[in-house]
Amino acid sequence: MTATQPETIPGAENGTETGVADADLANAIRFLSADAVQKAKSGHPGMPMGMADVAAVLFTRFMKFDPKAPKWADRDRFVLSAGHGSMLLYSVLHLTGYEDMTMDELKNFRQLGARTAGHPEYGHASGIETTTGPLGQGITNAVGMALAERMMSARFGDDLVDHHTYVIAGDGCLMEGISHEAISLAGHLGLSKLILLWDDNSICIDGPTDKTVGDDQPARFKACGWNVQSVDGHDADAIGAAIEKARSSDKPTLIACKTIIGFGAPNKEGTAATHGAPLGDDEIAGAREKLGWPHEPFTVPDDVLAAWRSVGVRGAGQRAAWENRLQATAGEVKEEFERVMSGSLPKAWQEALNGYKRRITDEKPGWASRQSSGEALKVLTGAIPELIGGSADLTGSVNTKTPSTEAITPSDFSGRYIHYGVREHAMAAVMNGMALHGGFIPYSGTFLVFADYMKGAMRLSALMGQRVIYVLTHDSIGLGEDGPTHQAVETVASLRAIPNFLVFRPADAVEAAECWAIALVEDDKPSGMVLSRQGLAAVRTVHDEENLCARGAYVLAEAEGGERKATILATGSEVQVAMAARESLHGEGVPTAVVSMPCWELFDAQDEKYRQAVLGPGTIRVAVEAGIRQGWDKYIRSNGGFVGMNGFGASAPAPELFRHFGITAENVVAEVKTRL
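Below is a short write-up of the structure. (Residues numbered from 1 in each chain as written. Predicted model: local features only at pLDDT ≥ 70, side-chain atom pairs only at ≥ 80, totals over all residues. Heavy atoms only, no water.)

**Some details on the overall build of the protein**
In terms of regular secondary structure, the protein is built from 25 helices and 18 strands. Radius of gyration (C-alpha) of the protein: 28 Å, near the 26 Å computed for a compact globule of 676 residues. Each principal axis of the C-alpha atoms in the protein carries an extent, and together these give about 90 × 55 × 45 Å. Evaluated residue by residue, the protein yields a buried proportion of 62% over its 676 residues. Sequence-distant contacts in the protein: of pairs separated by 6 or more residues, those separated by 24 or more amount to 78%. In the form shown here, the protein has an accessible surface area of approximately 24,000 Å², with 50% of it arising from carbon and sulfur atoms. Charge-centre separation for the protein: the mean point of 62 positive side chains lies 4 Å from the mean point of 85 negative side chains. (Helix = DSSP H or I, 4+ residues; strand = E, 2+ residues; numbered from the N terminus. Rg over C-alpha atoms; globule rule 2.2 N^0.38 Å. Buried < 20%, exposed > 50% of the residue type's maximum accessible area, 1.4 Å probe, protein only. Contact = heavy atoms within 4.5 Å. Areas by Shrake-Rupley, 256 points an atom, 1.4 Å probe, with all protein chains shown as cover. Lys, Arg positive; Asp, Glu negative; His and termini not counted. Charge placed at Lys NZ, Arg CZ, Asp CG, Glu CD.)

Set out below in structure tokens:
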């Protein structure tokens, strides 16, 4: 046991530190939750009532945190994966003294503008470590947090980084497939500071879980390399003993807490009726009588509140001791720790990338954009030590591993590359957890078509505003013989539909480098790097110090021989098609410009004057992209032309497929000429 993780609080075994019984500490959570759901006429009271005893023991005896410094780097992380039970978390935050979680916030549960949203939302209030609600995501975020803790400790030592990650999950979380990916990865890596408290209440929305599953969950976890315990989830001492044992384990731990959903409700406890609807005034009154809580709604007795607030105050001393250790740390190490935790990028990384950009502009390589991305990453990972790569068993195909990124192993967390295996969904959610923990910028790769496996986590990256970078290769029919199962004709459109998500589709090596630079600077949103399998001709052949991709779209080649009559819009591999069409049109006396549009989202954010100058008011507009038309009409207008896909692809060599589906310069020319 290190100085940063003290033993259980003396005298707290039976809630005696302040003379308040464990049952009363738990009942404060239980009835604040039930009262808030009742007032909102909406919510999930059953889970907070059932897990109140577990939460009370966890926070009063073990959690290391300080409500006055909610972003303290070495705090324990708590994830409520069963996010529908959000009032459990809100109640604990209020009781322990988080200043922005007032009683009024609890009373405004689920109301517009309140911090107390229906499910916990990162950024709405201090102490909410991640957005949960889509079941299974929280477990997997917690794996990412626990992994980040081990990685930071390997870099900066236990004196600065030594904390646990606790997660409460329900039956639904464990039913979701992502949970198995997460459990397997955590067990393989031996993330011993990860402790999962399972709300084992045998109830789901449809009724008893035996309608749905017969899994032996403890056996599943044990098979994946976890330590497993089972306890009575309403026995405070048993819960405390189990957590204490888990904290000394050399494996991640599952504690199966056998609970009664809606504990205390005289007529509804143990039934699905408590899961997702208010209990009703009479039922809550009956619970108050049954559990000996004779207090008005939203009332916590002074002695109970004082006991809870003392728990919150306790962390101040631990934080002060940690801050003293940080101040005593060697200057360069201290500065680097503070820099990576703040999310700031190191000095000189842009100079390194700009030097690389100048070189490849001169060399004009005809790389596939997946290779262009990999070459840019060699420069970036050499300059930015917190960049952490990975792939879903596709390292050689997605080009995400560089000479600077040695692999992380169960015995060595000092590396910078994670072999996620064929676990795309977990890969995405683990990256979210790492980004939320702080200290790292995660990126990982798979084929674009498998973004659909990751979509739930990608959406949460955007909702939480996390700098997570998805490398998505084999982006079109250009992948060739693998056929329509892998040719993601519709996926780019679906990613562009996600708010606060940047979709980059670079046309050559220079654009790939520029897009990576933007993704790193945009620290409040995730990015998707959509990259080709096939080689692409260089289109940026004159060096420009400016990052032209930063405005989302730009005129790559202006019309020649007169006033612009046509504008061809393209992304990625089809920019070279657009350039060939422009040359043909010029030969026929039609002055034509080509606009490269690597990132729609950034272009849409530009001012109207710039956008109109790029698009060419009054000109014929034709777009070409090896995907579906969806979304293009806002740029080409209803009378514009589109050359692309209107169905699934096929299995054949890539050049044949482009000809077969008509994605050619000749067809682009024809689309322009029919509109002259």
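Continuing now.
**Overview of the sheet that holds strand β18 (residues 641-643)**
Strand order across the open sheet formed by 5 strands is β14-β16-β15-β17-β18, with mixed pairing between neighbours. A single partner strand is all that each edge strand has here, and the edge strands are β14 (554-557) and β18. On average, each strand axis in the sheet is inclined to that of its neighbour by 30 degrees, with strand direction left out of account. (Pairing = 2+ DSSP bridges. Axes fitted to C-alpha atoms, helices over the stretch in contact; angles between N-to-C directions.)

**Some remarks on the pattern of salt bridges**
It is possible for side chains of opposite charge to pair when their charged atoms get near one another. The full count for this structure, using the stated rule, is 39 salt bridges. With its nearest N and O atoms 3.3 Å apart, the salt bridge here joins E363 to R359. Residue E363 and its partner R359 are both found in helix α13 (residues 349-363); the two are separated by 4 residues, about one turn of the helix. Its salt-bridge partner being R675, residue E671 comes within 2.7 Å of it at the nearest N-O pair. Classification of E671 as partly exposed rests on a relative accessible area of 23%. R675 gets classed as partly exposed once you look at its relative accessible area, which sits at 31%. (Salt bridge = Lys/Arg side-chain N within 4 Å of Asp/Glu carboxyl O.)

**Here we look at the pairing of strand β2 (residues 165-170)**
Of all the 6 residues making up β2, 6 are buried; the element is thus mostly covered by neighbouring parts of the structure. The alternating pattern of β2 places T165, V167 and A169 on one face and Y166, I168 and G170 on the opposite face, and all of these are buried. In this structure, strand β1 (residues 77-80) lies alongside β2, joined through 4 bridges in parallel fashion. From the neighbouring strand, F78 faces β2, where its bridge partner is Y166. Across 6 bridges, β2 lies against strand β3 (residues 194-200) in parallel orientation. Bridge pairing in β3 links A169 to W198.

**Structural notes on the pairing of strand β16 (residues 592-596)**
Counting buried positions along β16 yields 5 of 5 residues, so the element is predominantly enclosed. With burial as the criterion, each face of β16 is covered, one bearing T592, V594 and S596 and the other bearing A593 and V595. Where β14 and β16 come together, 3 bridges link them in antiparallel fashion. Across the sheet, residue A557 finds its bridge partner in β16, namely V594. Relative to β16, strand β15 (residues 566-570) is paired through 5 bridges, and the arrangement is parallel.

**Thoughts on the layout of surface pockets**
Computed from the structure, the largest pocket encloses a volume of approximately 390 Å³. Around the largest pocket, the lining is made up of 21 residues, and of these M341, G343, A435, G438 and Q466 lie nearest the centre. Of the residues assigned to the lining of the largest pocket, the class counts are 7 nonpolar, 8 polar and 6 charged. Taken as a whole, the second largest pocket holds about 280 Å³ of empty space. If you go around the second largest pocket, you meet 19 residues; those closest to its centre are H84, L135, G172, C204 and H275. At the level of secondary structure, the elements contributing two or more residues to the lining of the second largest pocket comprise α6 (171-175) and β4 (203-204). It is α6 that contributes the most residues to the lining of the second largest pocket, 4 residues altogether. By residue class, the composition of the lining of the second largest pocket is 9 nonpolar, 7 polar and 3 charged. (1 Å grid on protein atoms, 1.4 Å probe; cavity = no way out; pocket = protein on both sides within 12 Å on 5 of 7 lines; lining within 4 Å. Points joined across faces, edges and corners; volume = space filled by probe spheres on them. Nonpolar A, V, L, I, M, F, W, Y, C, P; charged D, E, K, R; others polar.)

Taken by themselves, the reported measurements are silent on function.
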